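# Remarks on the overall topology
Residues per chain are reported as follows:
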Protein chains: 2
Amino acid sequence: MFFEIEDNEVDIVIAALRPDLTAFFNGWRTIFSRFHLIIIKDPDLEADLQIPPGFDHHLYTKSDIERVIGSSPIKFSGHSCRYFGYLVSTKKYIISIDDDCLPLQDDSGNLTDAVAQHLTNLGTPATPSFFNTLYDPFRQGADFVRGYPFSLRNGVQCVLSSGLWLNIADYDAPTRAVKPHEKNTRYVDAVITVPSRALMPVSGINIGFDRRVLGPVLVPALRLKGVGKQRWETMEDIWCGMCAKVVCDHLGLGVKTGLPYVWRNGSGNAWESLKREWEGVKLMEEIVPFFQSVKLPRTLTAAEDCVVQIAGLVREQLGPVDPVFGLAADAMEEWIKLWKTFEFERR
Amino acid sequence: MFFEIEDNEVDIVIAALRPDLTAFFNGWRTIFSRFHLIIIKDPDLEADLQIPPGFDHHLYTKSDIERVIGSSPIKFSGHSCRYFGYLVSTKKYIISIDDDCLPLQDDSGNLTDAVAQHLTNLGTPATPSFFNTLYDPFRQGADFVRGYPFSLRNGVQCVLSSGLWLNIADYDAPTRAVKPHEKNTRYVDAVITVPSRALMPVSGINIGFDRRVLGPVLVPALRLKGVGKQRWETMEDIWCGMCAKVVCDHLGLGVKTGLPYVWRNGSGNAWESLKREWEGVKLMEEIVPFFQSVKLPRTLTAAEDCVVQIAGLVREQLGPVDPVFGLAADAMEEWIKLWKTFEFERR
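Residues numbered from 1 in each chain as written. Chains lettered and ligands numbered in written order. Predicted model: local features only at pLDDT ≥ 70, side-chain atom pairs only at ≥ 80, totals over all residues. Heavy atoms only, no water.

## What about the side chain of Thr193 of chain B?
As for its placement among the helices and strands, Thr193 of chain B is situated in strand S7 (residues 191–193). In this structure Thr193 of chain B touches Ala126, Thr127, Pro128, Val255 and Lys256 of chain B, once residues within four positions along its chain are discounted. (Helix = DSSP H or I, 4+ residues; strand = E, 2+ residues; numbered from the N terminus. Contact = heavy atoms within 4.5 Å.)

What follows is the structure, given as structure tokens:
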């Protein structure tokens, strides 16, 4: 269950929401340059991208997306464009980081290698069946606490590593509007397995995952009517994070949160976004009880099948509440078709 | 749900397992001296206790214990003697710290006030229904992450605060024997609500709790045949922590883990203890699935009744596995009788 992940097993997927990515890529150069990069240009973006030289990358634009997905009901604009990268990647692991984030820098100017930490999280087991008060037991200098059953110490495969942010935390628009100047300054030096059956909001800002296992689940399904380019104007990552956790619990796989941190620079006026975001905040009141109640049949042993099953439940139970849920179900089913086509073509 | 806990609502309960407590109490002086202390002398200890002057304390010894509990099947020797303090306390909150721990000291010599942190944990809500990736949302500078439902942001009452240890971590004997020199040097600056339905091993080394709510659950029930004076030779705290979590989940109450840390000095030869501890390690393989399966009837709304119900299940389901479980069930039932008698006398 412990393994080294080779650099050539990894794609870094970057959603380009702004044209000038010079500072972003230069900031990440020492970390990213060992890897193959997939850059997806937001199809709503007109201006040409500025990407500094020296990266092994493949750029996908609106025309690539349209050519591949045709008349698909899935929308790949804004933050959702990265999911197109998840689809076209041929690698086992994906790391995706928002283009307004930089690596964390210590007082001596050393950079925190967020990619390496994600790969460590994915290459060591998760322990969702029982909570370890000493945090990640596989970390150097740590172990399982007294009382932790030995039969559970092997853990399970970790397929999702959800990282955090210093400077600008990932708040919703109301919270950001109330606390416009609050910065997250506290570095919590821990990785935690989110326990089985506990749900959490996965932020897509800074994540790593096992594409072959979890790729079918990570689909930009829930699209707010007032979706925007600010994180707090989107819900697609929260939605597919809930799906991912439910599927992981069902399949006996693990999700970790905590390290690595990235340094996040925020922008945008939360107050102006409040009108749109209120929609997402209201929807969460329906989404959480729904996902807490989802029971998947034991016969489902592949993530693809779980997603189709969940899509059916979404249409049936959430569909009557708001039309966005029916569209989410459509997108999930369509994604599985696309995913299977790509898997077939890769063989 | 936010409240200040007054000093006179708190008892500090100390189990005295060694006679000379001079360094211990002097180390804690600035922190403990504001509070009333209950000191329970391990009934197996012969020598007189040395307690430095200047503490408002009440000392209970073997004769006090015998007078009060008579022929009770509950054994209050070793680490378990502290539970006698939980019984005789008249305060709303209890903080209990092992006598081989000292307050954490920073580079400037400032002490970490573990008691204050426990009281903060107990005086702010817990959020067991949904995991907040930004850790304790009620801490200064923190909040709920995007996607956290507003309807769950009030949280629930926190009744158990389970703290941690720097220097010597709370390992079991096999782990300590394998890593005799490993020190816990990593300070994780976080408080986490353990999610609903996730179980954890609660260590009794450094805890705070709401005695009126959770006192009935914290009973030294599981006594290993080879019980000893080293932490790794006991399981009573792990057992009642499992009970406490199940009862909290049932009653809609919260459990937190993380801060505060204490500085823990260890002693003892783990290798020599292995013979005894192996028993506890084996029992955990039965204990965890049992507690994961416990379902309490909705009609039970008081912790006392939950404990009696769990005791019955223990006798029925675990009793046939090992005689220590039958004795644990007896102790739990007896504890509830004792607890009710004391509650009655206090009125």
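## Observations regarding the interface of chain B and chain A
At the junction of the two partners, chain B supplies 60 residues and chain A supplies 61 residues. Taken together, both faces of the contact between chain B and chain A bury some 5100 Å²; the carbon and sulfur share is 57%. A per-residue breakdown of the area chain B buries against chain A is headed by Tyr135, Arg146 and Arg186 of chain B, which together make up 18% of the total. Seen at the junction of chain B and chain A, the total is eight salt bridges. For the pair chain B and chain A, the number of links is 28 residue pairs in polar contact (both at pLDDT 80 or more). Listing elements by their share of the side of chain B that touches chain A, those giving two or more residues are strand S6 (158–167), helix H5 (173–178), helix H7 (236–251), strand S9 (254–264) and helix H8 (270–293) of chain B. Considering each element in turn, the side of chain B that touches chain A owes the most residues, five residues, to H8 of chain B. (Buried area = accessible area lost by both parts, 1.4 Å probe. Salt bridge = Lys/Arg side-chain N within 4 Å of Asp/Glu carboxyl O. Polar contact = N/O pair within 3.5 Å; in protein donor to acceptor, adjacent residues only side chain to side chain.)

## A look at the environment of Thr193 of chain B
Residues and elements named next belong to chain B. Taking the relative accessible area as the measure of exposure, Thr193 reaches 12% and is therefore buried. Residues Thr193 and Cys248, spaced 55 residues apart in sequence, show a C-alpha to C-alpha distance of 12 Å. Looking at Thr193, its side chain comes within polar contact range of the main-chain nitrogen of Thr127, at 3.0 Å. (Buried < 20%, exposed > 50% of the residue type's maximum accessible area, 1.4 Å probe, protein only.)

## Details of unusual backbone geometry
Residues and elements named next belong to chain A. The peptide bond linking Leu259 to Pro260 adopts the cis configuration, its omega dihedral lying at 5°. Relative to the helices and strands, Pro260 resides in strand S9 (residues 254–264). At Asn167, a residue that is not glycine, the phi angle is positive and equals roughly 80°. Locating Asn167 in the fold gives a position in strand S6 (residues 158–167). The class for Asn167 is buried, based on a relative accessible area of 10%.

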